[in-house]
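Coordinate inspection notes
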Amino acid sequence: MRTYIRVVTALSRAAGFFSCLLLLAAVLVVTHMVVVRYLLQGSTVWQTEFVTYAAVAATFLGSGYVLLLKGHVNIDILPNVAGPRLRRVLDVVSVLACLLFCLLLGWSSWHFLYEALANGWKTPTVWKLPLWIPILPLPLGLALLFLQYVAELLRARSEASR
Amino acid sequence: MSPGLSGTLLLLGLMALPAIGMPIAFALGLASILALLLVNGLGSLDIVGELFYGGMASFALVSIPMFILMGAAVSASPAGRDLYEALDRWLNRVPGGLVLSNLGACSLFAALSGSSPATCAAIGKMGIPEMQKRGYPDEIAAGSIAAGGTLGILIPPSVTMIVYGISTETSIGRLFLAGVLPGIMLTALFMLWTVIACRRRGLGLEQLGRRFSLGERLVALPRVLPFLLIVAAILFVLYGGIATPSEAAGVGALFTLVLVVLIYRLFSLRRLGLVFRDTLKESVMIMLIIGGSELFAYTLSSLYVTQSVAAWIAGLEVNRWLLMLIINLFLLVGGCFLPPVALILMTAPILLPIITEAGFDPYWFAVILTINMEIGLITPPVGLNLYVINGIAPDIKLRSILLGSLPYVLCMVLAIVILCFVPEIATWLPDQVIGAR
């Protein structure tokens, strides 16, 4: 169990690091695009799409890491006023609900990815990027989030039994 | 019971999910997916992934991580301290100068960071101890900074305004401009109240501290001016119609990052990494709420909730100002529980048709909405700024922070009332710069 938590945490961290790199890349590419378009009066082909998909990919891949940082904003009034026992119940219920969300949306996004692959969808621009590439981070990110939530559940259980 | 009705009930019931502590983004998504499953059957699982994805994959949304990065870079540096010091040196001869420089620093830093808690933390770290040192009571010191910090979401560039612009399909440049004059007005109201509060306690405002020579004053400028120039440049580019918000924000973020590294010698990779980590944390949180609310808005409209509510309100034929009052109360209560971005995303699809139906200007309404959320930031139970102040000034009791912030809440209510009587405060500047709609 401890190995599981450690491996998943490391995975989330790695994905978070990659997401930060994506954000950095997005900043650089936006600037590059502005320079080409406004200073050199040239036209840009792939930059707009790249930046959009990089920001989205960073969001999905980073979601597990942000969970680790406790960055997903929630309303914690009720858990805070509840007694320790009720709080533990609320925590578990809310984690289970999050797992259900990851499962449902995850299932749907694999379906989306499959369709994009099977139909050979491409982005509707000159770049014609195969659409499955920018979609891939969605199911991957949700899978990571699912694993991280399971890790949180295990951690909470081991803390409770101590 | 028809599936539509039961779906609606389920959706409303599941809105209790955030109350047990589930993250807002996932709660919105789960409630929507379950309601869709109930009404449309398993087939809905074919589309929710695509909807969620589509809600986020837009170039306009790129401006969110970019502006957050800009704010995170500024917040990680001592720019807040320098800004504070520069203003103090320039304003210390003016009566009540310290208060003015505190609130002025808040509104300038708000423009830089676009975030209320960040503004609060950056200026409060310097401003609160300084005010305490010069004999200001805790309530005024804490309250003015808590209130001044809320300006972050009103004064452009503001992430909250971007989110409003995206979810209501209104022009972000215009929204930014609409926030300028109300932001200045609110700053002035805050200043006015602080001066009055000090007078009432028999506090002389002539505690000048020391004098600064012209040389000392000029020395304070070079570190501050570049950042202000960046903001000015972003606004100029936006309103000149030269670049889109995402482009302006991206270039602005890179410039800010480079400036922070050069001016403050922030060469360590670890600290730069922290800037990106903070950016990721904030933008993932916001972007996922955007995705979740995309599902939520889709579900609401496919269950005809949005349409029914709008039709119901239109059918009531109530006075439009009474309607505005009800909406404001609703937003005030909502703002006490939900963070600004979540509140906008959840209510905009329902409120916007009502607002436009009643003949209100959506840009003016954005300002009203934002001030409501500013109030939420300094009222319990989730008043983020109160906790930020509590964190940076642990010697001040939470009770004093609360009591000190209360008069500023009234200032904001007053600002809303003034804006209702004189909507031009919000609409005049955009009309002048961009042209009438």
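Residues numbered from 1 in each chain as written. Chains lettered and ligands numbered in written order. Predicted model: local features only at pLDDT ≥ 70, side-chain atom pairs only at ≥ 80, totals over all residues. Heavy atoms only, no water.

Residues and elements named next belong to chain B. For the pair helix α3 (residues 48-56) and helix α14 (residues 269-302), the least separation of the axes is 8 Å and the interaxial angle reads 125 degrees. Between α3 and α14, the interaxial angle falls into the category oblique. Here α3 and α14 pass one another in a crossing that is right-handed. Residues V48, L51, F52, G55 and M56 of α3 form the contact with α14, whose participating residues are M287, L288, I290, G291, G292, E294, L295 and Y298. For the contact of α3 with α14, the per-class residue count stands at nine nonpolar, three polar and one charged. (Axes fitted to C-alpha atoms, helices over the stretch in contact; angles between N-to-C directions. Helix = DSSP H or I, 4+ residues; strand = E, 2+ residues; numbered from the N terminus. Parallel < 35°, antiparallel > 145°, perpendicular 65-115°, else oblique. Left-handed = near helix turned anticlockwise from the far one by under 90°. Contact = heavy atoms within 4.5 Å. Nonpolar A, V, L, I, M, F, W, Y, C, P; charged D, E, K, R; others polar.)

The partner chain A presents 55 residues to the 51 residues of chain B that form the contact. Buried area between chain B and chain A, both sides added, is near 4800 Å², and the carbon and sulfur share of it is 82%. The interface formed by chain B and chain A includes one salt bridge. Inspection of the chain B/chain A interface yields seven residue pairs in polar contact (both at pLDDT 80 or more). Every element with two or more residues in the side of chain B that touches chain A is listed here: α2 (24-40), α3, α4 (63-76), α13 (245-263) and α14 of chain B. Here the side of chain B that touches chain A gets 10 residues from one element, more than from any other, and that element is α14 of chain B. A class-by-class count of the residues in the side of chain B that touches chain A yields 39 nonpolar, seven polar and five charged. (Buried area = accessible area lost by both parts, 1.4 Å probe. Salt bridge = Lys/Arg side-chain N within 4 Å of Asp/Glu carboxyl O. Polar contact = N/O pair within 3.5 Å; in protein donor to acceptor, adjacent residues only side chain to side chain.)

Next up on the list: unusual backbone geometry. Omega for the bond connecting P156 of chain B with P157 of chain B falls within 30 degrees of zero, at -10 degrees, which places this linkage in the cis form. The residue P157 of chain B is located in the loop between α8 (138-150) and α9 (159-168) in this model. With a phi angle near 55 degrees, Q41 of chain A is a residue other than glycine that sits in the positive phi range. With respect to the helices and strands, Q41 of chain A occurs in the loop between α1 (2-39) and α2 (47-68). On the accessibility criterion, Q41 of chain A (65% relative accessible area) is exposed. Look at K70 of chain A: it is not a glycine, yet its phi comes out positive at around 60 degrees. Tracing the chain through its elements places K70 of chain A in the loop between α2 and α3 (77-81). Relative accessible area serves as the criterion here: at 64%, K70 of chain A is assigned to the exposed category. (Buried < 20%, exposed > 50% of the residue type's maximum accessible area, 1.4 Å probe, protein only.)

Our focus in this paragraph is the environment of D82 of chain B. Residues and elements named next belong to chain B. As for its position among the elements, D82 is in helix α5 (residues 79-91). Separated by 177 residues in the primary sequence, D82 and L259 place their C-alpha atoms 14 Å from one another. Every residue in contact with D82, bar those within four places of it in the chain, is listed here: R223, V224 and Y264.

All names here are of chain B. Compared with an ideal rise of 1.5 Å per residue, which puts 12 residues at 16 Å, helix α15 (residues 305-316) spans 16 Å between its outermost C-alpha atoms and is within 8% of the ideal. For α15, the complete set of buried residues consists of V305, T306, A310 and I313. Seen from one end, α15 has its buried residues packed into an arc of 130 degrees, which puts them on one side. Set apart from the buried face of α15 by more than 90 degrees, the exposed residues are A311, W312 and G315. (Expected span 1.5 Å × (residues − 1). Arc of directions from axis to C-beta.)

This part takes up the packing of aromatic side chains. Tallied over the full model, the rule gives 14 aromatic pairs over all chains. Aromatic pair F112 of chain A and W121 of chain A: ring centres 6.5 Å apart, planes at 55 degrees, arrangement tilted. Take F112 of chain A: its relative accessible area is 5%, and that puts it in the buried class. Ring pairing ties together the aromatic residues F60, F101, F112, W121 and Y149 of chain A together with F26, F52 and Y53 of chain B, which thus form one cluster. Over the aromatic face of Y363 of chain B sits the side chain of R174 of chain B, whose NZ or CZ is 5.4 Å from the ring centroid. (Phe/Tyr/Trp six-rings, centres within 6.5 Å; stacked < 30°, edge-to-face > 60°. Lys NZ or Arg CZ within 6 Å of the ring centre and 35° of its normal.)

Going through the model one piece at a time under the given rule, you end up with eight salt bridges over all chains. The partner of K70 of chain A in a salt bridge is E152 of chain A, and the shortest N-O contact between them spans 3.8 Å. On the criterion of sequence distance, the pair formed by K70 of chain A in the loop between α2 and α3 and E152 of chain A in helix α6 (residues 137-161) is long-range, its members being 82 residues apart. Judged by its relative accessible area of 15%, E152 of chain A is buried. The shortest N-O distance in the salt bridge between R89 of chain B and E85 of chain B comes to 3.4 Å. Here E85 of chain B and R89 of chain B lie together in helix α5, a separation of four residues that amounts to about one turn. Since its relative accessible area comes to 31%, E85 of chain B is described here as partly exposed. One network of salt bridges, in which partners are shared, links K70, E152 and R155 of chain A.

On to the confidence of the model for chain A, then. Summarising the model, chain A shows a mean pLDDT of 90, and 99% of its residues fall at 70 or more. Mean pLDDT across the secondary structure elements of chain A bottoms out at α3 of chain A, with 79, and peaks at α2 of chain A, with 94. (pLDDT = per-residue confidence, 0-100.)

All names here are of chain B. Helix length check: helix α10 (residues 172-200) (29 residues) gives 42 Å between terminal C-alpha atoms against 42 Å at 1.5 Å per residue, within 8%. Bending of α10 peaks at approximately 25 degrees at the position of V180, with proline P182 no more than four residues after it. Backbone nitrogen of G173 and a side-chain oxygen of the N-cap are separated by 3.5 Å at the start of α10; the cap is S171. Once α10 finishes, G202 follows within two positions and takes phi at roughly 70 degrees, a positive value. (Bend = angle between axes of the 7 residues up to and from the residue.)

Residues and elements named next belong to chain B. Interhelical geometry of α9 versus helix α18 (residues 362-377) gives an angle of 135 degrees and a closest axis separation of 11 Å. The pairing of α9 with α18 is recorded here as oblique in orientation. The element α9 and its partner α18 pack so that their crossing is right-handed. Contacts from T160, M161 and Y164 in α9 reach P362, F365, A366, V367, L369, T370 and M373 in α18. In the contact of α9 with α18, the residues fall into eight nonpolar, two polar and no charged.

Turning to the environment of S94 of chain A, a few remarks are in order. With respect to the secondary-structure elements, S94 of chain A resides in helix α4 (residues 84-118). Residues in contact with S94 of chain A, not counting those within four places in the same chain, are I20, G21 and M22 of chain B.

With that settled, consider a nonpolar patch on the surface. Residue and element names in this part refer to chain B. Taken together, the side chains of W312, L316, V318, L322, L325, I326 and L329 make up a nonpolar region of the molecular surface, amounting to roughly 670 Å² of accessible area. Those elements that place two or more of their residues in the nonpolar patch are α15 and α16 (320-337). Residue contributions to the nonpolar patch peak at four residues, all from α16. Mapped onto the elements, V318 comes out in the loop between α15 and α16. V318 gets classed as partly exposed once you look at its relative accessible area, which sits at 32%. (Patch = residues over 30% accessible without salt bridge, like charges linked within 9 Å, V, L, I, M, F, W, Y side chains within 5 Å. Areas by Shrake-Rupley, 256 points an atom, 1.4 Å probe, with all protein chains shown as cover.)

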